[in-house]
Amino acid sequence: MKTAIVIGASGMDGSLMSELLLREGYMVHGTYNTNKRWVENLFHPNFTLHKMDLVNADKLNQFVLTIKPDEVYNFGGVTFSPDSIRLPDYTMQVNYTSVMKLMEICLFNQIKFFQASSSEVFGNVKDCELNESSRKDPHTPYAQAKYYVDTQMNHYRSMGGKFYNAISFNHECERRGAHFVTAKICNYVKELRNGGSANRLKLGSLDSKRDWGYAPDFVEGFYAQMQGEPSELVFATGIVHSVKDILECAFAPHGYSWEDYVTIDSTFIRNDDRNNIWGTYSKAKETIGWQPTTKFEDFIYKMTL
C-alpha cells in the first residue's frame, strides 16, 4: 500500500485529493492548521489527520521523515492572493521558505513531491493565452512565492528529483472558500433559495474574465501528473467567462434575475490589469491524457444547491 501526505488537507483541493487517494487505495496522512472543515467528517481507516503549522518547518520535515511517504502533495499556505498583500512576510515564510525545506527532504529521500502552483505566476497580463513557456512575472507575494518554488523545482528535476508542479488556472466547486467571487455569488443564491437575504450582493467589476474550471477535474489531473514523469503542467479549460456569466448561471436556473439583487461596489474592484486570460492544457492532454470534462454552467449550478 502506498502512503501519501496531503498538506492542507482541509482545503478545497487538499480534501478532494485526500478522498481521491483513499479511493486509489493509499494510506493518507492529511495536515491542517486551524480549520478541519472539509475533512473533519472524513472517517476512513486509512486516513489520519494531523495538526501542523507550516511556520514550523523543522516539525514538518520531521513529520515527513517519520511517515516516510511515497508521495507528498502540497496545497498548504496562504491560498488567497489578496491576503498575501496584507501578510507578505508570513506568505513568503509558509509558501516559500517552508516549502523549500520540505523539497530538500523529498529530494534527498527520493520522495515524489507535488506543488500546487498558480496562473498568477504569469503576473498582470490580459487578453492572451498562456502555457508552460509563457513569460512569468509575479506581481504579489503569493505569486512570487509560487514562482520561486516552481523555479527551484525545475532545478531539482534536472538533478533527478521527482518533482511535479501544476500551474492551475481558476478552479471551483462546492467547497470553494466564501471570499472567492464564485462562492460569494453561489452562496448568495443559496440564501435566496432558503428564504432570501436582507442585503444586496455587493460585487466589483462584472466584466472581469477568467478561465474557470471544476476543481474535481483538476485534482484528477494532479494525481495523473504524479503518476507520470516529473513535469510542469498547465491545467486550464481554454475558455474564459466573466463575472456576469457566473451571475447568469447562478441566478437564472432558479428563476431569479441577478439585476434585482446585485450592487456594484468600487471597493471590491482590484487595482490590476489581470483580465481575460486563459490557459492551454495541450501539454497535459499530450503527456497524461488529461482534459476538463465539466461544463462551466454545470458546476456553477452545482455550487448553488
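Residues numbered from 1 in each chain as written. Predicted model: local features only at pLDDT ≥ 70, side-chain atom pairs only at ≥ 80, totals over all residues. Heavy atoms only, no water.

Trainee: Please clarify how the overall build of the chain should be interpreted in this entry.
Mentor: Assigned secondary structure in the chain consists of 10 helices and 15 strands. In terms of C-alpha radius of gyration, the chain reaches 19 Å, essentially the compact-globule figure of 19 Å for 305 residues. Dimensions along the principal axes, computed over C-alpha positions, put the chain at roughly 60 × 45 × 40 Å. Burial statistics for the chain: of 305 residues in total, 51% are counted as buried. Look at the contacts in the chain between residues 6 or more apart in sequence, and 77% of them connect residues 24 or more apart. Charged side chains in the chain number 32 positive and 36 negative. The centres of these two groups are separated by 3 Å. (Helix = DSSP H or I, 4+ residues; strand = E, 2+ residues; numbered from the N terminus. Rg over C-alpha atoms; globule rule 2.2 N^0.38 Å. Buried < 20%, exposed > 50% of the residue type's maximum accessible area, 1.4 Å probe, protein only. Contact = heavy atoms within 4.5 Å. Lys, Arg positive; Asp, Glu negative; His and termini not counted. Charge placed at Lys NZ, Arg CZ, Asp CG, Glu CD.)

Trainee: Can you help me understand helix 5 (residues 141-158) in this one?
Mentor: Between its first and last C-alpha, helix 5 extends 26 Å over 18 residues, near the 26 Å set by a 1.5 Å rise per residue. Taken residue by residue, helix 5 has Pro141, Tyr142, Ala143, Ala145, Lys146, Val149, Asp150, Met153, Tyr156 and Arg157 as its buried positions. Immediately beyond the C-terminal end of helix 5, within one or two residues, lies Gly160, with a positive phi of roughly 95°. (Expected span 1.5 Å × (residues − 1).)

Trainee: What exactly am I supposed to notice about the packing of aromatic side chains here?
Mentor: Aromatic ring pairs are described here by two measures, namely the spacing of the ring centres and the angle between the planes. Using the criterion set out here, one finds 22 aromatic pairs in the structure. With 6.0 Å between their ring centres and 80° between their planes, Tyr26 and Tyr223 make a pair best called edge-to-face. Linking Tyr26 in the loop between helix 1 (12-23) and strand 2 (27-32) with Tyr223 in helix 7 (residues 215-226), this pair joins segments that are 197 residues apart in sequence. Between Tyr214 and Phe299, the aromatic rings sit 5.6 Å apart at their centres with planes inclined by 15°, giving stacked as the arrangement. Residue Tyr214 is located in strand 11 (residues 213-214), and its partner Phe299 is located in helix 10 (residues 296-303); the two are separated by 85 residues in the primary sequence. Here Tyr214 matches Phe299 in class, with each residue buried. Joined through ring pairs, the aromatic side chains of Tyr73, Phe75, Phe114, Phe218, Phe222, Phe235, Tyr281 and Trp290 make up one cluster. (Phe/Tyr/Trp six-rings, centres within 6.5 Å; stacked < 30°, edge-to-face > 60°.)

Trainee: Any chance you could explain the sheet that holds strand 7 (residues 163-168) here in plain terms?
Mentor: Each strand in a sheet pairs with another by means of backbone hydrogen bonds, the pair being arranged parallel or else antiparallel. The strand order 3-2-1-4-5-7-12 describes an open sheet built from seven strands, whose pairing is parallel. Edge positions in the sheet fall to strand 3 (47-51) and strand 12 (232-235), since each of these pairs with one other strand and no more. The average angle at which neighbouring strand axes cross in this sheet is 20°, direction not considered. Alignment of strand 7 against strand 12, held across four bridges, turns out to be parallel. Across the sheet, residue Ser168 finds its bridge partner in strand 12, namely Phe235. Lying over the sheet, helix 1 contacts strand 1 (3-7), strand 2, strand 3 and strand 4 (71-74), oriented at roughly 170° with respect to strand 1. Packing against the sheet, helix 7 makes contact with strand 4, strand 5 (112-118), strand 7 and strand 12, and its axis sits at approximately 155° to strand 7. (Pairing = 2+ DSSP bridges. Axes fitted to C-alpha atoms, helices over the stretch in contact; angles between N-to-C directions.)

Trainee: Would you mind going over the pattern of salt bridges with me for this structure?
Mentor: Note that side chains of opposite charge can pair when their charged atoms are close. Following the criterion strictly, the structure yields five salt bridges and no others. Here Lys2 makes a salt bridge to Glu71, at a shortest N to O gap of 4.0 Å. With a gap of 69 residues between them, Lys2 in the segment before strand 1 and Glu71 in strand 4 connect regions that are remote in the sequence. Judged by its relative accessible area of 39%, Lys2 is partly exposed. For Glu71, a relative accessible area of 2% puts it in the buried group. (Salt bridge = Lys/Arg side-chain N within 4 Å of Asp/Glu carboxyl O.)

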